[in-house]
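Examination of the molecular architecture
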Amino acid sequence: MRGAFADPRFRRLLVGNTLSTFGDTALYLTLGIWAKALTDSNAAAGSVFLALGLPALFNPLTGHLADRVPRKQLLIVTNAVTAAIVLALLAVRTRDQLWIIYLVAFCYGISFSVLNSAGAGLRKDLLAGEHLAAANAALQSIGTGMRIVAPLAGAGLFIAFGGGAVAVLDVVTFAIAIAALASIKVTESGSGGASDATQPPPFRREVAAGFRHVRSVPLLLQITAVTAAAFSVIGLNETIIFAVIGQGLHRPPSFLGVYSAEIGRASCRERV
């Protein structure tokens, strides 16, 4: 093995991250299917993905947090807390408990943000600069591959055993990710690590500087505005697809797993 893969710590991290990504992808797609099955409402199903996406507004806060506390500890705690929250889905039986699905989806979105920020920082401390890009590419490629397998697995489990089974699967993958992280020894940089004695600037000053920089570069401002507008429209697809599956294709909500797997396969083909 060469590069990042020669480091046993990264190999363990890769295994934990891969299985966790599998569980995450299976669950968050199942949440939409679950909401649709309980309510027969496309809006209710699409609102699951709105709850998942809203926490992206807090990304500056989660990045700030990841820069100021030990990242390994933050990752372990976030995985453990998210697993405990996911177990709340075992209480969902009827549409009266739909709010639990939305709450779990919202908390899941926050968890994604924290794990992405802290994970990126931990990999930077774990690997030399020349190996970091290859490691990130491997994780990205595996994440794309999971978009083929995980939706089918999640939908299949939902049909056979219900949404609770998918929740239990996800909790197991969280436990594996925690074990992988606990086995890794790394000296962390930043205020949360031992190798940096400087205190980072206040959060408000950093955010203000970021907005000033975006405003000061016209091209960057245009890209930011267009991207925000595009994603606000693309987000409608999460609701429309349930209408297409139900009224257009005359398929059950679980067919979203097949649709998502096909989208993932097309994405992989484009990358190749």
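A brief look at the structure comes next. (Residues numbered from 1 in each chain as written. Predicted model: local features only at pLDDT ≥ 70, side-chain atom pairs only at ≥ 80, totals over all residues. Heavy atoms only, no water.)

Our focus in this paragraph is a nonpolar patch on the surface. Side chains of Val15, Leu19, Leu87, Leu90, Val168, Val172 and Ile176 sit close together on the surface and give an oily, nonpolar patch of about 510 Å² of accessible area. Sorting the residues of the nonpolar patch by element identifies helix 1 (8–39) and helix 7 (163–182) as the ones contributing at least two each. The biggest single contributor to the nonpolar patch is helix 7, with three residues. Note that Leu90 resides in the loop between helix 4 (71–86) and helix 5 (98–126). With a relative accessible area of 37%, Leu90 lands in the partly exposed category. (Patch = residues over 30% accessible without salt bridge, like charges linked within 9 Å, V, L, I, M, F, W, Y side chains within 5 Å. Areas by Shrake-Rupley, 256 points an atom, 1.4 Å probe, with all protein chains shown as cover. Salt bridge = Lys/Arg side-chain N within 4 Å of Asp/Glu carboxyl O. Helix = DSSP H or I, 4+ residues; strand = E, 2+ residues; numbered from the N terminus. Buried < 20%, exposed > 50% of the residue type's maximum accessible area, 1.4 Å probe, protein only.)

Bringing the environment of Trp34 into the picture now. Relative to the elements of secondary structure, Trp34 occurs in helix 1. Classification of Trp34 by relative accessible area gives buried; the value is 7%. Excluding anything up to four places from it in sequence, Trp34 contacts Leu89, Val92, Ile101, Phe158, Gly163 and Gly164. (Contact = heavy atoms within 4.5 Å.)

Contact geometry of helix 1 with helix 6 (residues 129–161) gives a least axis separation of 7 Å together with a crossing angle of 40°. As summarised for this structure, helix 1 and helix 6 are arranged oblique, according to the angle between their axes. Here the hand of the crossing between helix 1 and helix 6 comes out right-handed. Per-class residue counts for the contact of helix 1 with helix 6 are 18 nonpolar, seven polar and no charged. (Axes fitted to C-alpha atoms, helices over the stretch in contact; angles between N-to-C directions. Parallel < 35°, antiparallel > 145°, perpendicular 65-115°, else oblique. Left-handed = near helix turned anticlockwise from the far one by under 90°. Nonpolar A, V, L, I, M, F, W, Y, C, P; charged D, E, K, R; others polar.)

The next subject is the pattern of salt bridges. Considering all chains together, one arrives at four salt bridges under this definition. Across the pair Asp67 and Arg71 runs a salt bridge whose closest N-O atoms are separated by 3.8 Å. The class of Asp67 is partly exposed, set by a relative accessible area of 39%. Take Arg71: its relative accessible area is 6%, and that puts it in the buried class. Within the structure, one salt-bridge network assembled from shared partners comprises Asp67, Arg71 and Asp125.

Within the secondary structure layout, Leu38 lies in helix 1. Non-local contacts of Leu38, meaning those with residues more than four positions away in its chain, are made with Val92, Arg93, Thr94, Arg95 and Ile101.

This part covers helix 2 (residues 42–53). Because each turn of an α-helix spans 3.6 residues, side chains separated by three or four positions in sequence point in the same direction. Spanning 12 residues, helix 2 covers 17 Å between terminal C-alpha atoms, matching the ideal 16 Å at 1.5 Å per step. Along helix 2, the residues classified as buried are Asn42, Ala44, Ala45, Gly46, Val48, Phe49, Ala51 and Leu52. Between a side-chain oxygen at the N-terminus of helix 2 and the backbone nitrogen of Ala43 the separation is 3.4 Å; the capping residue is Ser41. (Expected span 1.5 Å × (residues − 1). Polar contact = N/O pair within 3.5 Å; in protein donor to acceptor, adjacent residues only side chain to side chain.)

This part covers the nonpolar core. Leu31, Val86, Leu89, Ile101 and Leu256 are the most contacted members of the largest nonpolar core, which has 36 residues in total. Those elements giving two or more residues to this core turn out to be helix 1, helix 2, helix 4, helix 5, helix 6, helix 7 and helix 10 (237–248). For this core, the leading source of residues is helix 1, giving eight residues. Filtering out sequence-adjacent residues up to four positions away, Leu31 remains in contact with Val48, Leu89, Ile101 and Ala105. With 18 residues, the next largest nonpolar core counts Ala4, Leu14, Ala118 and Leu139 among its residues. (Core = buried A, V, L, I, M, F, W, Y, C linked by side-chain atoms within 4.5 Å.)

Any functional reading would require information that these geometric values do not contain.
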